[in-house]
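# Reading the structure
As a plain string of letters, each chain reads:
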4 protein chains.
Amino acid sequence: MRTGITHLHIPGPTNVPEVVRQAMNVPMQDMRAPDFGDLTLGLFEDLKPVFGTRDATVMMFPGSGTAAWEAAIANTLSPGDKVLMARHGLFSERWVEMAQRMGLNVEVIDVAWGAGAPVSEIARRLGADRFGEIRAVFVVHNETSTGVVSDIAGVRRALDTAFHDALLFVDGVSSIGSMEFRMDEWAVDLAITGSQKGLMLPPGLGILAASPKALEASKSATSRRVYFDFADMMAMNADGQFPYTPPTPLLHGLRRALDRIAQEGLPNVIARHRRLAEGVRRGVAAMGLQIVAQHPSLCSDTVTAIRTPEGVDGREVLRLAYERYNASFGAAAGPLVGKAFRIGHLGDLNEGMCLSALALAELSLAAAGARVAFGAGVGAAQEWYAGAAPREAALRFAAE
Amino acid sequence: MRTGITHLHIPGPTNVPEVVRQAMNVPMQDMRAPDFGDLTLGLFEDLKPVFGTRDATVMMFPGSGTAAWEAAIANTLSPGDKVLMARHGLFSERWVEMAQRMGLNVEVIDVAWGAGAPVSEIARRLGADRFGEIRAVFVVHNETSTGVVSDIAGVRRALDTAFHDALLFVDGVSSIGSMEFRMDEWAVDLAITGSQKGLMLPPGLGILAASPKALEASKSATSRRVYFDFADMMAMNADGQFPYTPPTPLLHGLRRALDRIAQEGLPNVIARHRRLAEGVRRGVAAMGLQIVAQHPSLCSDTVTAIRTPEGVDGREVLRLAYERYNASFGAAAGPLVGKAFRIGHLGDLNEGMCLSALALAELSLAAAGARVAFGAGVGAAQEWYAGAAPREAALRFAAE
Amino acid sequence: MRTGITHLHIPGPTNVPEVVRQAMNVPMQDMRAPDFGDLTLGLFEDLKPVFGTRDATVMMFPGSGTAAWEAAIANTLSPGDKVLMARHGLFSERWVEMAQRMGLNVEVIDVAWGAGAPVSEIARRLGADRFGEIRAVFVVHNETSTGVVSDIAGVRRALDTAFHDALLFVDGVSSIGSMEFRMDEWAVDLAITGSQKGLMLPPGLGILAASPKALEASKSATSRRVYFDFADMMAMNADGQFPYTPPTPLLHGLRRALDRIAQEGLPNVIARHRRLAEGVRRGVAAMGLQIVAQHPSLCSDTVTAIRTPEGVDGREVLRLAYERYNASFGAAAGPLVGKAFRIGHLGDLNEGMCLSALALAELSLAAAGARVAFGAGVGAAQEWYAGAAPREAALRFAAE
Amino acid sequence: MRTGITHLHIPGPTNVPEVVRQAMNVPMQDMRAPDFGDLTLGLFEDLKPVFGTRDATVMMFPGSGTAAWEAAIANTLSPGDKVLMARHGLFSERWVEMAQRMGLNVEVIDVAWGAGAPVSEIARRLGADRFGEIRAVFVVHNETSTGVVSDIAGVRRALDTAFHDALLFVDGVSSIGSMEFRMDEWAVDLAITGSQKGLMLPPGLGILAASPKALEASKSATSRRVYFDFADMMAMNADGQFPYTPPTPLLHGLRRALDRIAQEGLPNVIARHRRLAEGVRRGVAAMGLQIVAQHPSLCSDTVTAIRTPEGVDGREVLRLAYERYNASFGAAAGPLVGKAFRIGHLGDLNEGMCLSALALAELSLAAAGARVAFGAGVGAAQEWYAGAAPREAALRFAAE
């Protein structure tokens, strides 16, 4: 029988902070009550800084991040529209597939799993698009399947350099709220996330931000949409309402999660993710393992994909972690199946959680047949955390 | 300041039973864990009797009931398809609008708000459809906006009499789990509900059941769908998985809610709704008020729409109920705005809750200017409940 | 099977407000952590106004109200001490018994159940106590078993008139936090309550306030005490600590409960209890039933004890309320067994809850064989509530 | 600001399992309802095997473990009675003090903190007690302050060898439910625990088991008691009731906690504590630190007290653990203040939790100035856990 806490080290759903969990423990309420907007209106506003935007409009669709992907496409593009997409991991692959099924004419740039979105190739294609046929460029900011971050600022520069006015779609599902995301600065048109990652909530909300340019595009886009329609949503959101019944417990949780992010300070949240991730990476290196990201500069601060040693099946690592140690790591996908596993390190997290992730990864690897020098990984992470303890920690902390 | 419980008498979201609320108070978990199916696989099976089906396939889409509506259409019909729909309330109106926006050729039969779906007119149209152009008939089983139930068995007979093979779509959002719903017997092809009504959960799941005939139709339907795609969903559901992250707390809650329905016994659940609803109706009659349903045989057992007296604005009734008495009643829509309000009486409910609903409705009506003989409504309901106390209540009850 | 909410109309434990319930849903923590006092120190301070004191010292003992009774005696009196006590209900009876078992020399004044503490007789006895042998006078402020409130100010006057310096012990278990309690003005020396009544928490804390005079008395009192020792408790409380492990979830709940009382405003809390209680009393009168309190001026605002009609067993009323209607009323005790039942109306309460209490009492009485004119009781209460709607309710309420 | 889970590694309150936490999230209920015994009666029965008894009577007092200590003494001994007690840690010291304050004539055997109860000296004293003046022997089974376990079977043999009929009192607060405790076999007369240790609940219940001999003694014991009276408690418990309001959420939690212990199997619970504790001990040894227990055979399986290196203040270790790493370790007491700290490892626990405890202990020691070879402690524990993975883990685990 399993005892103790489940060590949840997947890249989402992430651990829900206790205060958020408290906030969601609510009875049902009338979403048409006159004061419902007191809860909801602030959410739209307070999500904006998390997206790094002042100008965009934030919408929340009851559903998953996939729902927000579909909403973004359905509202701003039309069947037959040409779009440029990079494919270098499971989520970019799925997004390509979605775009194709929605009738878009997808020009795919394939690069290796482990690489980031190829900025120079994107630039080349945009430059070559003499007649402006490309209506949108799609980039996954943080490929959750490979632990690779892409250079959105670079993609923006590519667009600008080419004087190209394609819309810029960015999947920030596993980065927004945890890593730097500058929607306005990067002139992102459609930025997408979900409730269950950096926002530290259970799954159930697909969240997106649409730039004024995206909203303008939605007026002429002919893709059919009803459930995901921006206009319907925005008309109701204006009063804090939704066109259909929203998942109210999640909205209460989101209120508390946003308060918590504000309390810690978004720059501190981002710095904490960086600090904790670096410890995990050093631990993995000290274990003598390779990571999937092709270059250190590509490493995600929210998830690390780790190659298992020759002869060790990553699926066994996961199975044994779960069965013996009550720990959940992320499975590998696509070409990495059996050859890798992932450690998620985002959301409501601290040093001790990263250290037990490493310690249990070592135990699970050993159980799956890897030669492991116990303590090496944890020790390297400890060295880093010991030195990198944030200065503010020396100050008297505030009780929540 | 508001004190005490909020008296929630809207037709959804409904009151969540304590045991269900407990069950949803969970930490996050990995929806790719090997034992995730232990939770989910039983849900699909145990939802079947609630729909009254053995043959259909049940699916749950993260989203609202509206999402399930859209999924039903997108998977089984193609743009340009002709469908026959009755419009006699807010939800049938919205479904018509959705069908139109999804490119269907909608033949609408308008009847008064307060009437049920016009079976004989439907029969006539089906009979007149010589070339079998009508691909589907849509009926709202329980019009939540008017408190009117429609005769699905009658619509089935109309189809059969006309030897018509159109698909039969039924919105059972506010009936399934609370009123009789015989999907197989009525040969319904697409039956739709949501988590937040008779299933006694928070909002967040659009649930539908698709007949083998509907699944067959999905193979050739050309409406574009990705998030709502049956095939993707069914492929993953086979192992208890979902194509994207599902709202796990709701799945835990659903497990407990279904156990609870099984424990009470679905026929007892239905009988209880009938008994409690009859008390509300008698109370309303004793207040001297009219209901919106045109005939007693049309009365819904889950919601009653009540006309306010001449000169009394239904919106004022709601506002005063909420501000003074911490009570939420349902607003009126469409032609009923200002002229009616609704009492929801479904889900986890008992006599005392119906009686306070009536008592607070009386107080709110009086506050809004109606002449009310205090106690009349409650007294009539009490008379009924005193006589109709279920025989089993005399037995020793089982502690939950 | 029971469905819907349990209608809890006992005089404690009372309904826990949702926000308090949320606050108690916490993981465990170290009660020796340096910031534990951030939680606890404010509790002692903020309980003071609820007791109506500035001068007294508040203590919380893990245990029930009975524990606080014992702590009060054990710390301030010595075996053999003479004390004067009125006995007119179950709780005064039990307190007499406790005092006797703790070795006190108890002079009991018996009056009828339904009467209040006999101020003039107390005055007489104090006046007759030439040698000042009476060390303490004990009064139950609100006899929960009979729904009778006693005149503490009158007892204080009796003491003052007699120039008697006996300690004044007051049981305010079912009054403090719901009814006026003026510890300093009445010069009460030991005031006792519990967590599960007006403080709207689960049971688990016996709470008392001790005047400077009581603390002085504790220095020479020779009753043995360890767990209940004031000195140990006060020494640790000074830093927000406890001499043994305190029930931390309750402390978190208390924080929220006190915030809520402050938000409503204690005078408003008291006025609300009065207004709601008056509705219950009018309802009971309209049912044609007698109450146990001998005079309207004695009626408690937190609980009403009601005599059942001739031939109707109060125990049957309770049993049927529980089995058929999922409602809990208070049982009768002592000479009232079988002849009465009680409705608790304290804590987190509103009009709708009082109305369903009356409606279900009527149904249960009828089920037990009483002749009931259904609606009479509820109607009378509605009349009162309709007229007595607090002026502030007309204002825009604040969302919690 | 603190983020992530709080790493709670104190010897109580311990981490509450999620299922227990769910079970306590209940609304209030009537503890006089006819079916209340359905909840409570089983608790008394199912606690018996946890105490290792069939013959004893289990009682639960709302309060802390200290309350149960007092109840044990007050019911079975009289002022002036001579008792024999060993003093070798904070809790034995406090129990001595309590006994003295309750008027007992305490013969204390002082041994070093770090030693166990001195069985041979106890034997000697019992042998020397020619006139049978010693009425009771008190032993702390598991000294929480030093991490030392005492030999209760040995004390029993000493009593038997001396043909001495003194009562045997045993404090099992931090052992019962986690370590072997054989009340009947050891002929313990009064065994004491609390809710917040091996029973995995929040604080709030002092729990004891009294042998038939103890109950017999309670008939003649003259210590004054009311709140703690066995007879009152047993009379009410017979029907599943309590003489005063019990903390119902804890009772619901206890039900689930006992189910969980039964599900894991008490022998497995005990083996798990042993396995996890051994890992912690090996880790501590690998860090080069000494433990307080004087001999390996004395080591507790629920808490380890660790001496800090020369020049490193244990209080600093705790402070830094809490402020920098959101971790709570146990403080040292008495002669160990500043020279030690404690790791609690009992209750709902697994390998990952012990490993993060060690990792954070290393970081905190380093922060406090100790020279630490990072990874050494964790590595040694991992080695042990890798080899000691329980056989049953290879089997398919059951989902809770």
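Residues numbered from 1 in each chain as written. Chains lettered and ligands numbered in written order. Predicted model: local features only at pLDDT ≥ 70, side-chain atom pairs only at ≥ 80, totals over all residues. Heavy atoms only, no water.

## Comments concerning the sheet that holds strand S2 (residues 57-62) of chain A
Residues and elements named next belong to chain A. In space, the 7 strands of this open sheet follow the order S2-S10-S9-S8-S5-S3-S4, with mixed pairing throughout. Strands at the two margins of the open sheet, each flanked by one partner only, are S2 and strand S4 (105-110). Going across the sheet, the axis of each strand differs from the next one's by a mean of 20°, ignoring polarity. Where strand S5 (residues 134-140) lies against strand S8 (residues 167-171), 5 bridges are found, and the strand directions are parallel. (Pairing = 2+ DSSP bridges. Helix = DSSP H or I, 4+ residues; strand = E, 2+ residues; numbered from the N terminus. Axes fitted to C-alpha atoms, helices over the stretch in contact; angles between N-to-C directions.)

## Thoughts on helix H6 (residues 152-161) of chain B
Residue and element names in this part refer to chain B. Listed as buried for H6 are Ile152, Gly154, Val155, Arg156, Ala158 and Leu159. Of the surrounding elements, those touching the buried residues of H6 are helix H5 (119-128), strand S5 (134-140) and strand S8 (167-171). Near the N-terminus of H6, the side chain that reaches the backbone nitrogen of Ala153, with its oxygen 3.4 Å away, is that of Asp151. Downstream of H6 by one or two residues, Phe163 has phi in the positive range, about 50°. (Buried < 20%, exposed > 50% of the residue type's maximum accessible area, 1.4 Å probe, protein only. Contact = heavy atoms within 4.5 Å. Polar contact = N/O pair within 3.5 Å; in protein donor to acceptor, adjacent residues only side chain to side chain.)

## Comments concerning the interface of chain D and chain C
The partner chain C presents 50 residues to the 50 residues of chain D that form the contact. A buried area of about 3,900 Å², summed over both sides, lies between chain D and chain C, and 60% of it is on carbon and sulfur atoms. Taking the shortest distance from any N to any O, the salt bridge between Arg101 of chain D and Asp229 of chain C comes out at 3.4 Å. Summed over the shared surface of chain D and chain C, the number is 14 residue pairs in polar contact (both at pLDDT 80 or more). If you list the elements that add at least two residues to the side of chain D that touches chain C, you get helix H3 (65-76), helix H4 (90-101), helix H9 (248-264) and strand S12 (327-329) of chain D. Counted by class, the side of chain D that touches chain C contains 27 nonpolar, 12 polar and 11 charged residues. (Buried area = accessible area lost by both parts, 1.4 Å probe. Salt bridge = Lys/Arg side-chain N within 4 Å of Asp/Glu carboxyl O. Nonpolar A, V, L, I, M, F, W, Y, C, P; charged D, E, K, R; others polar.)

## Here's the deal with the relation of the copies chain D and chain C
With an RMSD of 0.0 Å, the fit of chain D onto chain C corresponds to turning through 180° and sliding 0.0 Å along the axis. The operation mapping one copy onto its partner corresponds to a two-fold rotation axis. Of the C-alpha atoms belonging to chain D, the one lying closest to the rotation axis is found on Gly63 of chain D, 2.3 Å away. Take the interface residues of chain D: 100% of them recur as interface residues in chain C, which is what a same-surface contact looks like. (Least-squares fit on C-alpha atoms with pLDDT ≥ 70 in both.)

## A look at the sheet that holds strand S10 (residues 205-210) of chain D
All names here are of chain D. In space, the 7 strands of this open sheet follow the order S2-S10-S9-S8-S5-S3-S4, with mixed pairing throughout. Two strands in the sheet have a free side with no partner beyond their single neighbour: strand S2 (57-62) and strand S4 (105-110). Going across the sheet, the axis of each strand differs from the next one's by a mean of 20°, ignoring polarity. Relative to S10, S2 runs antiparallel, the two being bridged by 6 bridges. When the sheet's bridge partners are listed, Phe61 is paired in S10 with Gly206. Taken strand by strand, helix H6 (residues 152-161) contacts strand S5 (134-140) and strand S8 (167-171), and its axis lies near 170° from that of S8.

## What about the nonpolar core?
Counting residues in hydrophobic clusters, the biggest one holds 185 residues, and the most contacted among them are Val137 of chain C together with Val137 of chain D. If we skip the residues at most four places from it in the chain, Val137 of chain C touches Leu84, Ile122, Leu126, Val155, Leu159, Ala166, Leu167, Leu168 and Phe169 of chain C. Ranked by size, the runner-up nonpolar core spans 184 residues in total, among them Leu190 of chain A together with Trp69, Leu168 and Val188 of chain B. (Core = buried A, V, L, I, M, F, W, Y, C linked by side-chain atoms within 4.5 Å.)

## Notes on unusual backbone geometry
Note that the residue after Gly12 of chain B, namely Pro13 of chain B, is joined by a cis bond; omega there is 0°. Its location among the elements puts Pro13 of chain B in the loop between strand S1 (7-9) and helix H1 (18-24). For Ala187 of chain A, which is not glycine, the phi torsion reads 50° and is therefore positive. Structurally, the position occupied by Ala187 of chain A is in the loop between S8 and strand S9 (190-194). Assessed through its relative accessible area of 30%, Ala187 of chain A is described here as partly exposed.

## Focus on the interface of chain D and chain A
Chain D puts 44 residues into the contact, and the matching count from chain A is 44 residues. Between chain D and chain A the total buried area reaches about 4,000 Å² when both faces are included, carbon and sulfur atoms providing 60% of it. Counting across the chain D and chain A interface gives 2 salt bridges. Breaking the side of chain D that touches chain A down by element, the ones donating at least two residues are helix H1 (18-24), H9, helix H11 (314-325), helix H12 (351-367) and helix H13 (376-388) of chain D. Among the elements that take part in the side of chain D that touches chain A, H12 of chain D stands out by supplying 9 residues, more than any other. Its residues placed into classes, the side of chain D that touches chain A shows 19 nonpolar, 12 polar and 13 charged.

## Some points on the relation of the copies chain D and chain A
For the pair chain D and chain A, the relating rotation is 180°, the translation along its axis is 0.0 Å, and the fit reaches an RMSD of 0.0 Å. The residues that chain D uses at the interface reappear at the interface of chain A in 98% of cases, marking a shared surface.

## A few points about the side chain of Ser78 of chain D
All names here are of chain D. Secondary-structure assignment places Ser78 in the loop between H3 and strand S3 (82-87). The buried category is assigned to Ser78, whose relative accessible area is 12%. With residues near it in sequence (within four places) discarded, Ser78 still touches Leu104, Ser220, Ala221, Thr222 and Ser223.

## Comments concerning the pattern of salt bridges
All names here are of chain A. Within the structure shown, the criterion is met by 120 salt bridges over all chains. When the shortest N-O distance is used, the salt bridge between Arg275 and Glu351 registers 3.0 Å. One end of the pair, Arg275, is in helix H10 (residues 266-286); the other, Glu351, is in helix H12 (residues 351-367), with 76 residues separating them in the sequence. Per residue, the accessibility class of Arg275 equals that of Glu351, and both read buried.

## Thoughts on the packing of aromatic side chains
Each aromatic ring pair is specified by the distance between its two centres and by the angle formed by the two planes. Applying the stated criterion to the full structure yields 50 aromatic pairs over all chains. When the centroid spacing of 5.2 Å and the interplanar angle of 10° are considered together, the rings of Trp69 of chain B and Trp95 of chain B count as stacked. Of the two residues, Trp69 of chain B is situated in helix H3 (residues 65-76) and Trp95 of chain B in helix H4 (residues 90-101); the sequence distance between them amounts to 26 residues. This pair shows no difference in class: Trp69 of chain B is buried, exactly as Trp95 of chain B is. Measuring from ring centre to ring centre gives 5.8 Å for Phe61 of chain C and Phe228 of chain C, while their planes differ by 70°; the resulting arrangement is edge-to-face. Of this pair, Phe61 of chain C sits in strand S2 (residues 57-62) while Phe228 of chain C sits in the loop between helix H7 (212-218) and helix H8 (230-237), and the two are 167 residues apart along the sequence. (Phe/Tyr/Trp six-rings, centres within 6.5 Å; stacked < 30°, edge-to-face > 60°.)

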